[in-house]
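Each chain, letter by letter, is given below.
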Amino acid sequence: MQYTIVIEKSPRNYAVYVPDLPGCVATGATREEAVSEIREAIRFHIESLLEHGEPVPEPQCTATVVDVAAAGA
C-alpha cells in the first residue's frame, strides 16, 4: 500500500504524519531520517490495528503542489 505522508520542517527537525492513519507520526533530524521513521511507524500502526481487530484504512489522500503568485504580482 502507498500512503500519502506530510513532511513539515521545524527549526530543529522534520515531523511527518499520515493523514489516512490518525495518530501515526514520526520525526527525524533530516528529511530522509523522518521518511525512514514514518515507514516503520506505518508498519507498527497497521500491525496494532490488526492485532486489535480494527480495520486498516485504505489510502485515500493524495497531494499536489500548486504554484501561487506572490501578492501584488
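Check the entry above for the structure.
None of the values given here were measured: they were computed from a predicted structure. (Residues numbered from 1 in each chain as written. Predicted model: local features only at pLDDT ≥ 70, side-chain atom pairs only at ≥ 80, totals over all residues. Heavy atoms only, no water.)

Peer 1: An account of the environment of Ala15 is needed here, citing residue identities and associated values.
Peer 2: Within the secondary structure, Ala15 sits in strand β2 (residues 14–17). Sequence separation of Ala15 and Gly53 is 38 residues, and the distance between their C-alpha atoms is 28 Å. Excluding its chain neighbours within four sequence positions, the residues that come into contact with Ala15 are Val6, Ile7, Glu8, Ala26 and Thr27. (Helix = DSSP H or I, 4+ residues; strand = E, 2+ residues; numbered from the N terminus. Contact = heavy atoms within 4.5 Å.)

Peer 1: A description of the sheet that holds strand β1 (residues 6–9) should follow, citing residues and the corresponding values.
Peer 2: Across the sheet, which stays open at both edges, the three strands sit in the order β1-β2-β3 with antiparallel pairing between neighbours. Only two strands of the sheet have a single neighbouring strand rather than two, namely β1 and β3 (25–28). The sheet shows a mean angle of 20 degrees between the axes of neighbouring strands, taken without regard to direction. Relative to β2, β1 runs antiparallel, the two sharing four bridges. Looking across to β2, one finds that Val6 is bridged to Tyr17. Contacting β1, β2 and β3, helix α1 (residues 31–51) crosses the sheet at an angle of about 150 degrees to β3. (Pairing = 2+ DSSP bridges. Axes fitted to C-alpha atoms, helices over the stretch in contact; angles between N-to-C directions.)

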